[in-house]
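Structural overview for review
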Amino acid sequence: MSRDGSAPGEPPTPLQRQLTGTRAPARPTPLDALAAARHWFNQGRKLDIQALAAELGVSRVTLHRWVGTREQLLVEVLWVSSERALTRLHEQVEAEGPARPRQPGQPGQPGQPGQHSHTAEVLGRWVREVLAHPGHRQLASEESEMFVRLLTHDASLFQRRLIELVRELLVEDIAAGRVTIDLEPLELAYTVVRIVESFVHTPAITGCAPDPDGNARVLRALLR
């Protein structure tokens, strides 16, 4: 009799395997595909559906059924990475100082998030991270036209999500008195996102080098 209770030469039942702590290897899922694609992105590796399917041990057809097209998968990878980074930076800015509203006529001081818009500070730091990220650098260098289209077109799922997230940050700023500009949060969020895009995608738009410092200055000047 084997250790799992089965007769010699007889394969154990699933119940016997679980009772002895031996389980069949878990099958990959769509979430595993997203995790693997994000790992490639973080390494600056060009996303290849056929190679990714082989790494997961599934067919190309199965992977397409799970994630859609390569561009659809890229949007999800970019969004998950961006949302997590923005959430982390927002928590970081919130923890750095009290949310003190500026008094009329009092200028905001760089490095003091409590004195100016938290949205401006979060997005300023985020743009720096984006421009230094291996995955973003790979896309901007090798697939710049597609990269800009996926992130900046009005129909872009990524852009719609980003505008909504920025709107939520602005609502907090407005409620705390850190932003007093007379625009609706959604209208202001759209404007802010367009400014950020212009600085992130400067090489593709103008051929000039990115300027994260300029992005931070413009956002601080606008969001007051």
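No experiment lies behind these values; they were computed from the predicted model shown.

**As for helix α7 (residues 134–142)**
- Those residues of α7 lying buried are G135, H136, Q138 and L139. Each buried residue of α7 lies within a common arc of 160° when the element is viewed along its axis, so the set occupies one face. Structural note: α7 exposes R137 and S141 on the side pointing more than 90 degrees away from its buried face.
- Of the surrounding secondary structure, the elements contacted by the buried residues of α7 are α2 (30–42), α5 (70–96), α6 (118–132) and α8 (144–152).

**Focus on the nonpolar core**
- Counting residues in hydrophobic clusters, the biggest one holds 55 residues, and the most contacted among them are L52, L63, L73 and W126.
- Sorting elements by how many residues they give to this core places α5 first, with 11 residues.
- Every residue in contact with L63, bar those within four places of it in the chain, is listed here: A33, I49, L52, A53, L56, V58 and G68.

**With respect to the packing of aromatic side chains**
- Summed over the entire model, instances satisfying the criterion amount to 1 aromatic pair.
- For the ring pair W79 and F158, a centre distance of 5.6 Å and an interplane angle of 85° mean the geometry is edge-to-face. Residue W79 is found in helix α5, and its partner F158 is found in helix α9 (residues 157–175); the two are separated by 79 residues along the sequence.
- The class of W79 is buried, set by a relative accessible area of 8%.
- Since its relative accessible area comes to 3%, F158 is described here as buried.
- Between the NZ or CZ atom of R45 and the centre of the ring of W40, over which it lies, the distance is 3.6 Å.

**Some remarks on the packing of α6 against α9**
- For the pair α6 and α9, interaxial distance at closest approach is 8 Å and the crossing angle is 140°. It follows from the interaxial angle that α6 and α9 lie oblique. For the pair α6 and α9, the contacting residues are H118, T119, V122, L123 and W126 in the first and L162, V166, L169, L170 and D173 in the second.
- Of the residues in the contact of α6 with α9, the class split is 7 nonpolar, 2 polar and 1 charged.

**Points about the confidence of the model for the protein**
- Looking at the protein as a whole, the pLDDT averages 88, with 86% of positions reaching at least 70.
- When mean pLDDT is compared element by element in the protein, α6 scores highest at 98, while helix α1 (residues 14–19) scores lowest at 72.
- Per-residue pLDDT stays below 50 along residues 99–114; that stretch engages in 34 contacts with residues further than four places along the chain or on separate chains.

**Regarding the pattern of salt bridges**
- On inspection of all chains with the given rule, the structure shows 12 salt bridges.
- A salt bridge links E71 to R149; its shortest N-O distance comes to 2.8 Å. Residue E71 is located in helix α5, and its partner R149 is located in helix α8; the two are separated by 78 residues in the primary sequence.
- A residue is classified by how much of its surface remains accessible, and R149, at 32% relative accessible area, is partly exposed.
- Residue E164 pairs with R167 through a salt bridge whose shortest N-O separation is 2.8 Å. Here the residue E164 and the residue R167 both occupy positions in helix α9, the gap between them amounting to 3 residues, near one helical turn.
- Note on E164: relative accessible area 32%, which makes it partly exposed.
- Salt bridges sharing common partners tie together E96, E121, R125 and R220.

**Some words on the packing of α6 against helix α10 (residues 185–200)**
- Interaxial distance between α6 and α10 falls to 10 Å at its minimum, and their mutual angle equals 30°. Between α6 and α10, the angle falls in the class roughly parallel. Like other packed secondary-structure pairs, α6 and α10 cross with a definite hand, here right-handed. Contact with α6, carried on its side by L123, W126, V127, V130 and L131, involves V192, V196 and V200 of α10 and no other residues of that element.

So, how was this worked out
Residues numbered from 1 in each chain as written. Predicted model: local features only at pLDDT ≥ 70, side-chain atom pairs only at ≥ 80, totals over all residues. Heavy atoms only, no water. Buried < 20%, exposed > 50% of the residue type's maximum accessible area, 1.4 Å probe, protein only. Helix = DSSP H or I, 4+ residues; strand = E, 2+ residues; numbered from the N terminus. Arc of directions from axis to C-beta. Contact = heavy atoms within 4.5 Å. Core = buried A, V, L, I, M, F, W, Y, C linked by side-chain atoms within 4.5 Å. Phe/Tyr/Trp six-rings, centres within 6.5 Å; stacked < 30°, edge-to-face > 60°. Lys NZ or Arg CZ within 6 Å of the ring centre and 35° of its normal. Axes fitted to C-alpha atoms, helices over the stretch in contact; angles between N-to-C directions. Parallel < 35°, antiparallel > 145°, perpendicular 65-115°, else oblique. Nonpolar A, V, L, I, M, F, W, Y, C, P; charged D, E, K, R; others polar. pLDDT = per-residue confidence, 0-100. Salt bridge = Lys/Arg side-chain N within 4 Å of Asp/Glu carboxyl O. Left-handed = near helix turned anticlockwise from the far one by under 90°.

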